[in-house]
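# Coordinate inspection notes
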Number of protein chains: 2
Amino acid sequence: MMRPLSALLLLLALHAGTEARAATVAEVSSPSGVLTATLDLHEGRLSYHVQRLGEPVIAPSALGFQIRGAGKLERSLALTRQATSSTDETWEQPWGESRHVRNHYNELRARFTETIKPGRIVDVVFRVYDDGVGFRYEFPRQAAMDEVIIDDELTEFAIAAPATAWWIPAGEWNRYEYLYQRTPLAEVTQAHTPITVRTDDGLHLAFHEAALVDYSAMWLRRTEGQRLRAQLSPASQGWKVRRALPFHTPWRTVQITDSAAALYESSKLILNLNEPNAVGDVSWFQPAKYIGIWWSLHLETESWATGKEHGATTANTRRYIDFAAKHGFRGVLVEGWNPGWDGQWFGNGYDFNFTQATRDFDIEALAAYAMSKGVHLIGHHETGCAVSHYEDQMDAAFAMNERLGIDVVKTGYVCDAGQIERRGDDGKIVREWHDGQWNANHHLRVVQAAAKHHVAINAHEPIKDTGLRRTYPNWVSREGARGMEYGAWGNPTNPPEHEVNLVFTRMLSGPMDYTPGILSLQGRGQAIQTTLAKQLALYVTLYSPVQMAADLPENYARHMDAFQFIKDVPADWAQTRVLNGEVGDYVTMARQDRNSTDWYLGAITDEQGRVLQVPLSFLEPGLSYEAQVYRDGDGAHWKSAPFKLTRETRTVTSADTLTLRLAAGGGQAIRFTPKR
Amino acid sequence: MMRPLSALLLLLALHAGTEARAATVAEVSSPSGVLTATLDLHEGRLSYHVQRLGEPVIAPSALGFQIRGAGKLERSLALTRQATSSTDETWEQPWGESRHVRNHYNELRARFTETIKPGRIVDVVFRVYDDGVGFRYEFPRQAAMDEVIIDDELTEFAIAAPATAWWIPAGEWNRYEYLYQRTPLAEVTQAHTPITVRTDDGLHLAFHEAALVDYSAMWLRRTEGQRLRAQLSPASQGWKVRRALPFHTPWRTVQITDSAAALYESSKLILNLNEPNAVGDVSWFQPAKYIGIWWSLHLETESWATGKEHGATTANTRRYIDFAAKHGFRGVLVEGWNPGWDGQWFGNGYDFNFTQATRDFDIEALAAYAMSKGVHLIGHHETGCAVSHYEDQMDAAFAMNERLGIDVVKTGYVCDAGQIERRGDDGKIVREWHDGQWNANHHLRVVQAAAKHHVAINAHEPIKDTGLRRTYPNWVSREGARGMEYGAWGNPTNPPEHEVNLVFTRMLSGPMDYTPGILSLQGRGQAIQTTLAKQLALYVTLYSPVQMAADLPENYARHMDAFQFIKDVPADWAQTRVLNGEVGDYVTMARQDRNSTDWYLGAITDEQGRVLQVPLSFLEPGLSYEAQVYRDGDGAHWKSAPFKLTRETRTVTSADTLTLRLAAGGGQAIRFTPKR
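Residues numbered from 1 in each chain as written. Chains lettered and ligands numbered in written order. Predicted model: local features only at pLDDT ≥ 70, side-chain atom pairs only at ≥ 80, totals over all residues. Heavy atoms only, no water.

## Side note on the packing of helix α5 (residues 314-327) of chain A against helix α6 (residues 363-372) of chain A
Residue and element names in this part refer to chain A. Packing of α5 against α6 leaves a shortest axis separation of 10 Å and a crossing angle of 10 degrees. Here α6 runs roughly parallel to α5, going by the angle between their axes. Crossing of α5 against α6: the hand is right-handed. Here T314, T317, R318, I321 and D322 of α5 come into contact with α6, specifically with L366, Y369 and A370. (Axes fitted to C-alpha atoms, helices over the stretch in contact; angles between N-to-C directions. Helix = DSSP H or I, 4+ residues; strand = E, 2+ residues; numbered from the N terminus. Parallel < 35°, antiparallel > 145°, perpendicular 65-115°, else oblique. Left-handed = near helix turned anticlockwise from the far one by under 90°. Contact = heavy atoms within 4.5 Å.)

Pasting the structure below:
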């Protein structure tokens, strides 16, 4: 409930319009008083700033919009109402990194009204957690306008202390598949979110957004010094966003913690700022590992296209189903199963058919054979960016998937440097950015259509994750970063620091289908830049509820010792602890299996070896555990000795401290099982 | 035992003399293979490098000397012998941060002989630990020379990865009382050790020396890029060091860890590289807290000089003894107790008398009065830098101290910008640097003279600590950094980051008498830049076995709540754990009382508030503890609300995780007592 503005605050607000200095008009602190967000007016212009324990973190930063036909909605504003409220609730995830999520924040709703014509109204809503801040704009129904065309969002984030940033560029290429660069924050040009920042004072910040629905994605453009400004992904019509009132923007999020470990854990605020489950019961979705006809395609020993090398044949798929059944994998992904791959398909997916299989792929028989062995085929819907063409078929495709027990579908949007293509109102093809308003809506249409048929979506070359898995829990995973396929191409492969960079950047936004587990450590070019143990540790450190064992079955046969960990590790967790870590350097996580009392530990490092002391206090006190350790062997090194792996078993308790020795480019994976 | 060089190695060494590239001639790895130190010869020039898990940490760096009259001992060298050995022993400290110290290393002894006249010989000895490296030069008895005059030591430390450094300048002023500066390593000019370095890869290094005996202190001068070279403190004669053979240099030490927390713990290698106890039983020394007539002198409300304001009067001292007895402090320091303070004494201490008290200070009666209450006076020997003058009296002074139960003496070397003064062989006064060879020896003469009389030494404006407390455990503490007295002067006071900087720099070398506990938070100028809780936490985070409660008794009377922690906290520990920390940002330590099963936790931060998750896994599993918490109150801030303190009691176990919320410039102190 909004309550009328108090006399004092009204006075302040009016006063602010004539004063030289900004006046605070509203303020809200986090439940334990760690963070405080403040709204200020300066000659009618609206800004905010954020303090942590009394020190500035976000310096005064503008709020507002450039609105087509009506000018900027940022000046001549007065506070006309405000309300605060508190929430402390715990909700349960159907699947995830943790079963229970606490949502504990104080909220401020502040209404600003133009003091000049046309007297437009905008509400600014802040939710302040102890470890971060989310805010959004809400446009209520009002007399002054019934829709807005946003040419620019003026929201700023001015970081108060000198800082270093880890980021990838936005607006250059139409995907997220970059190596993260580390630069002074003052050298960022324009970045995708999440962008992670560490101040010289040791504060860790990450900027992102939550609940990107019917709106364009926010990039962050540096305008001066350490000041970042929202830059919305464009729309083909020339504006950025067009919406009828009432509506609200996505949440702009700032995670703020002291350590890198706490930063990862604070990303729950992104989930919390999304709406609850809107698709109903999703217990039909089973978090699970999968294998697939995939690595061979990137190796170019098999092909998507039909012909002699075609990978998606009935016989080959049966072989994968048998391997999956033997080793306990639930899913078998098959790419190239449908017509459309034989020509120049990327950025031109108009030949794709999503309801027919190629002639050498007996989908009916294979689906039945798989089900008879407790295995499910995983579907693949590569659109080649012909997105309306795909939408035309998707309902029928998901209905077929449902009938065949194909309850997970990997979608794809490979346009190379191009853009997605949609059919305009006039029937002509229009090009849009991956992360503009139109495609944000497309992704939700897909997910909602899939949900009706009990199909889960794992989107590749997708729009970035903004926590929508809370609202649409059948949107189970996505790619959206440089994955393991670069290890297949080998030109060059991902450097040793890449996966550690992902943990503290891309992974803050949600699950990623990185497709780890390449125990052969070799694609068709430069060798993969990890040790064997690190490949195992990726299953713990890079979370996805659909987790691939991406190597060829014959390669696993050569590494059965290491493969055991991949067979054991689950894809659904009761809880997660980040035990240590530094952005871009190393990280150690412990996760508890959701379906047993086992714990799993994963530690990975960059090109520098590490010696990490890890107290096992996450284990249940009083119990003895068998620790099955997969560690870098003596002398292991990603470059010179990547296969050196030592597997050993120890008995440990929660009072023990382990010394983890990670090789350069190495890692360590441990399964802890209570002893009877 | 040295064994004759193998034929292969001899070949390598000879070969190296004619080859263009450096050839490895000897190598030794740490017990777990983490670190490897390698000796190389390149055209007869000797260098070393250090790798960690296969990656370079110290790039090839020169070894050698510039020797007067005989030229450089660095080229035309050949390896003529080598031996390796392993040691794994655990020894017990009479007092310290931990009772038991493990000394676990592999050693390489390599003999190098000039292949040209005069055929000089030098041994290089490396001891390689998993968390650091120590090396020194040994000059055996030999025909080619019977003494050396060292004009320069050519030892280098070339840090392989781009790095940031925390350091204070050397060679500018004759003391260590600087604020630590953080700069790129490539902007260091000339630094005292320890100098702490963090690479962009997240490695933490600290460079220092161990066992500085009969030698000049090593400064580190940057010669180019990230290459540091030993720069020995000068001697008045123009050389740096003069020694008869055989002798060995101090150990040059490099601590190498992944985290700041591990860096602090790795400083045990400095202790380990010192010789065992040489003064016999020191059970007569009792680690303890003390108060004193001291803060009032710096406030200028009382004076060292005699007269109306004289602090060291019989009546005033009785008041302090009573306060000490009432609140359980063992020691009462009295400065200004002796003649010599009435003139211009600093840099000119020739009026000081160390065996007589001033007429208004009845030392005999006060000592007896103190002893009757279980209190010991603490002596004060300010030399005003008239060091030979002091040496003339010290035996008699220590004898008097012993007779009066004065078993701790604080020494002082206040020369302001001047140098210490000694009597030369001709009887004339000669000036020397604080940390040159002569004064290094002076300090040991004092400590050895004191030991004979069962007196412990706490040296102010001292030579830096190099772990000699292991060999001379009556050298219990020292200053050697900007202490709390700057808080009395207030012009300006130490900034909020100062104590955190000390933990990861100065404190790596050993105990510091920082004189914390100024609960009034005010001197005679700018306010002290900490909260009240942080003053308490300093007792846990800045270790000293003689730990002062430095404020005035009347100020403690106004803060009895907070004072309780100072009364409770011990000054001797069974073990220490660094629970988290970043250089210059924050640190949390837990220490276990050596005389009970209690644990104490201290956390301090810089100008940025912190929220730190701290698992209590250091507590004994299965026990319940009462946690007496002294934390920054809501809204506390070093600048605006430093006195806000919340004291509360909780019941906790080793399975709990505490959330520590530190104010800007704040801290937290906790006592954990097992519940019956």
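## Concerning empty space enclosed by the protein
All names here are of chain A. Applying the stated criterion across every chain yields a total of 19 cavities of 30 Å³ or more. In this structure, the largest cavity occupies an estimated 200 Å³ of space. Listing elements by their share of the lining of the largest cavity, those giving two or more residues are α2 (260-265) and α3 (268-272). Here the lining of the largest cavity gets 3 residues from one element, more than from any other, and that element is α3. When its residues are assigned to classes, the lining of the largest cavity shows 5 nonpolar, 7 polar and 4 charged. Residues from two domains meet in the lining of the largest cavity; each of domain 1 (23-273) and domain 3 (482-540 + 554-675) gives at least three. (1 Å grid on protein atoms, 1.4 Å probe; cavity = no way out; pocket = protein on both sides within 12 Å on 5 of 7 lines; lining within 4 Å. Points joined across faces, edges and corners; volume = space filled by probe spheres on them. Nonpolar A, V, L, I, M, F, W, Y, C, P; charged D, E, K, R; others polar. Domains from an automatic or database assignment.)

## Examining the side chain of Q608 of chain B
For Q608 of chain B, the location among the structural elements is in the loop between β35 (599-605) and β36 (610-615). For Q608 of chain B, a relative accessible area of 4% gives the class buried. Not counting residues within four places of it along the chain, the set of residues in contact with Q608 of chain B comprises R52, E55, D201 and L203 of chain A together with A663 and A664 of chain B. (Buried < 20%, exposed > 50% of the residue type's maximum accessible area, 1.4 Å probe, protein only.)

## Examining the nonpolar core
Among the nonpolar cores identified, the biggest contains 179 residues, and L39, F112, F126, F139, F207, F398 and I457 of chain A are the most heavily contacted of them. It is helix α8 (residues 437-452) of chain A that contributes the most residues to this core, 7 residues altogether. If sequence neighbours within four positions are ignored, F398 of chain A has contacts with H381, Y390, V409, V446, A449, A450, H453, V455 and I457 of chain A. Counting 178 residues, the second-largest nonpolar core is a separate cluster that includes V124, I256, I420 and L536 of chain B. (Core = buried A, V, L, I, M, F, W, Y, C linked by side-chain atoms within 4.5 Å.)

## Considering the relation of the copies chain B and chain A
Think of it as a corkscrew move, a rotation about one axis and a shift along it, taking one chain copy to the other. Screw-axis analysis of chain B against chain A gives a translation of 0.0 Å along the axis, an RMSD of 0.0 Å, and a rotation angle of 180 degrees. Such a combination of turn and shift is consistent with a two-fold rotation axis. Among all residues of chain B, the minimum C-alpha distance to the rotation axis is found for S617 of chain B, at 2.9 Å. Here 100% of the interface residues in chain B have copies in chain A that are interface residues too; the copies meet face to matching face. (Least-squares fit on C-alpha atoms with pLDDT ≥ 70 in both.)

## Side note on the UniProt feature "domain: Glycosyl-hydrolase 97 N-terminal" (unreviewed entry) in chain A
The UniProt record marks residues 28-276 of chain A with the feature "domain: Glycosyl-hydrolase 97 N-terminal" (unreviewed entry), using the residue numbering of this structure. In residues 28-276 of chain A, the share of helix is 4% and the share of strand is 56%. The end C-alpha atoms are 24 Å apart. (UniProt positions renumbered as here; feature names shortened; annotations may be inferred.)

## So, the side chain of D435 of chain B
Looking at the element boundaries, D435 of chain B is found in the loop between β29 (429-432) and α8 (437-452). Residues in contact with D435 of chain B, not counting those within four places in the same chain, are Y176, H192, S216, A217, W219, S233 and I463 of chain B.

## Considerations on the environment of V546 of chain A
All names here are of chain A. By the element assignment, V546 lies in strand β32 (residues 546-548). The class of V546 is buried, set by a relative accessible area of 3%. Considered as a pair, V546 and A368 are 178 residues apart in the sequence and their alpha carbons are 21 Å apart. With residues up to four places along the chain from it excluded, the contact list for V546 reads F285, A288, Y290, V408, N458, V476, S477 and D513.

## Looking at the pattern of salt bridges
Note that side chains of opposite charge can pair when their charged atoms are close. All names here are of chain A. Overall, the coordinates contain 88 salt bridges over all chains when judged by the stated rule. Ionic pairing is found between R109 and E138, a salt bridge with its closest N-O pair at 2.5 Å. Here E138 lies in strand β11 (residues 132-139) and R109 lies in strand β9 (residues 100-114), a separation of 29 residues in the sequence. Of the residues examined, R109 reaches a relative accessible area of 21% and is grouped as partly exposed. Overall, the relative accessible area of 13% leaves E138 in the buried class. Each of E107, R109, R127, R136 and E138 takes part in salt bridges that share partners, so that together they form one network. (Salt bridge = Lys/Arg side-chain N within 4 Å of Asp/Glu carboxyl O.)

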